[in-house]
Amino acid sequence: MKLGIVGLGRSGKTTIFNALTRRDGESIPPGGQLAPVLGVVPVPDPRVDWLDQLYHGRKKVNAQVTYMDLQGMSGGVESRQQYMSMLLTHMRPMDAFMTVVRNFTDTVLGAPDPQRDFRELQDEFIIADLATVEKRLEKLSLEEKKGRKVGVEKELLEACARLLDAEKPLRAQLDLTRAQELKGFTFLSAKPLLVIVNNGDDDAALPRVPFDYAEAMVVRGKLEMEMAQLSEEEAEAFRRDFGVGESALDRVIRSSYALLNLVTFFTVGEDEVKAWTIPAGLPAQEAAGVIHSDIQRGFIRAEVVAYDDLRAAGDYATARKQGTVRLEGKTYRVKDGDIINFRFNV
Ligand SMILES: Nc1nc2c(ncn2[C@@H]2O[C@H](COP(=O)(O)OP(=O)(O)O)[C@@H](O)[C@H]2O)c(=O)[nH]1
Ligand SMILES: [Mg+2]
């Protein structure tokens, strides 16, 4: 899963990136240009830990999340134009965006207004998409004049334009951009959006303002970054003192899975216990393809046991005796927590 961290200058993007990826400082590329910085973190999952204990001696491979931040203007406010053009270039391949909005008083920018900042960024995405749509529509009407049939794509794009003209993100009507004819576009305002409200150190409340067509959660960025630098025990004490429950990393990842409608399944191989991330409802044969195209092509059956059933049984042999290990076919929809042994033939 790839999450792009976006937001206005000094909203705390780099601070939150550092908290999530346990880094300190900012990467300053030569020439003072903005550059994408990637951080890869394992998805914390107690189920992988338990499986790892059951099958000890094997390698434990958690699912991974990649975060992207644009860095290079430490402490300064990036020029809006430069930032947006970098964002368009680098953020398009991301699965979803995390928009950081400032909700603390800044020494340079003053009092916060999270709703205004959110709206401003949302508008940038809407304007960028509108430009894409209009350019394509112009091209299509030229082709139409030459006699090509452009009907469905044109209608869909016109519907997009109406939505965007009304200052609504394409997320507001997802079936539009999911249509086959529009698959080739990567519209920014169609990507799922998690709003990270970056609060000051002593405020844990979510501001009571609407963030249209997005999910919102509070992260105390500076506090979390400081915590991420501590040892496990120190962080525990710190969390208690500040009334912080789960770490931001855990909460952000969980919200992102929910937002993107993702689930995790597990495989136990000869040498490793591994977690895989897939869209909810994916058929078993396609889930197999996430591991290897050979397994998808030569798919015969999936031997499946639910994590909770295996956990209750204690081990695989007992689960089998209890009848909770099942054989499933190609179209079985993989569920969160399934432990799967694919049988295939190539
Ligand atoms: N008080 C406070 N300051 C923060 C918080 N998060 C970031 N800052 C400060 O705001 C400034 C900009 O943060 P930075 O992460 O560089 O923002 P970016 O431009 O969005 O990457 C820095 O001086 C941070 O120390 C926070 O949660 N609380
Ligand atoms: Mg930054």
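Owing to the predicted nature of the structure, the values given are computational and were not obtained by experimental measurement.

A few words now on the pattern of salt bridges. Throughout the structure, instances matching the rule amount to 20 salt bridges. A salt bridge links Asp-212 to Arg-119; the shortest N-O distance between them is 4.0 Å. Taken together, the residues span a long stretch of sequence, with Asp-212 in the loop between strand 6 (193-199) and strand 7 (215-219) and Arg-119 in helix 4 (residues 114-145) at a distance of 93 residues. The class for Asp-212 is partly exposed, based on a relative accessible area of 35%. The salt bridge involving Glu-328 is made with Arg-326; its shortest N-O contact spans 3.0 Å. Given a relative accessible area of 26%, Arg-326 falls into the partly exposed group. Among the charged side chains, a salt-bridge network with shared partners connects Asp-45, Arg-47 and Asp-336.

As a matter of local geometry, ligand 1 sits amid 14 residues, with Arg-10, Lys-13, Thr-14, Thr-15 and Asn-198 nearest to it. Separating an oxygen atom of ligand 1 from a backbone N or O atom of Gly-12 is a distance of 3.0 Å. Across the complex, the protein chains shield 80% of the 580 Å² of accessible surface that ligand 1 would expose by itself. When contributions to the shell around ligand 1 are tallied by element, the ones reaching two or more residues are helix 1 (13-21), strand 6 and helix 7 (221-228). At three residues, the largest contribution of residues to the shell around ligand 1 is made by helix 1. Residue classes in the shell around ligand 1 are distributed as two nonpolar, eight polar and four charged.

What follows concerns helix 9 (residues 248-260). It helps to recall that an α-helix has 3.6 residues per turn; residues three or four apart then point in one direction. In a regular helix each residue adds 1.5 Å, so 13 residues correspond to 18 Å; helix 9 covers 18 Å between its end C-alpha atoms and thus fits that length. If you check which residues of helix 9 are buried, you get Ala-248, Leu-249, Val-252, Ile-253, Ser-256, Tyr-257 and Leu-260. Around the axis of helix 9, the buried residues are gathered within 160 degrees of arc, so they sit on the same side. Opposite the packed face of helix 9, turned more than 90 degrees from it, sit the exposed residues Arg-254 and Ala-258. Phi turns positive, to about 60 degrees, at Asn-261, one or two residues after helix 9.

Rules used throughout
- Residues numbered from 1 in each chain as written.
- Chains lettered and ligands numbered in written order.
- Predicted model: local features only at pLDDT ≥ 70, side-chain atom pairs only at ≥ 80, totals over all residues.
- Heavy atoms only, no water.
- Salt bridge = Lys/Arg side-chain N within 4 Å of Asp/Glu carboxyl O.
- Helix = DSSP H or I, 4+ residues; strand = E, 2+ residues; numbered from the N terminus.
- Buried < 20%, exposed > 50% of the residue type's maximum accessible area, 1.4 Å probe, protein only.
- Near = heavy atom within 4 Å.
- Polar contact = N/O pair within 3.5 Å; in protein donor to acceptor, adjacent residues only side chain to side chain.
- Areas by Shrake-Rupley, 256 points an atom, 1.4 Å probe, with all protein chains shown as cover.
- Nonpolar A, V, L, I, M, F, W, Y, C, P; charged D, E, K, R; others polar.
- Expected span 1.5 Å × (residues − 1).
- Arc of directions from axis to C-beta.

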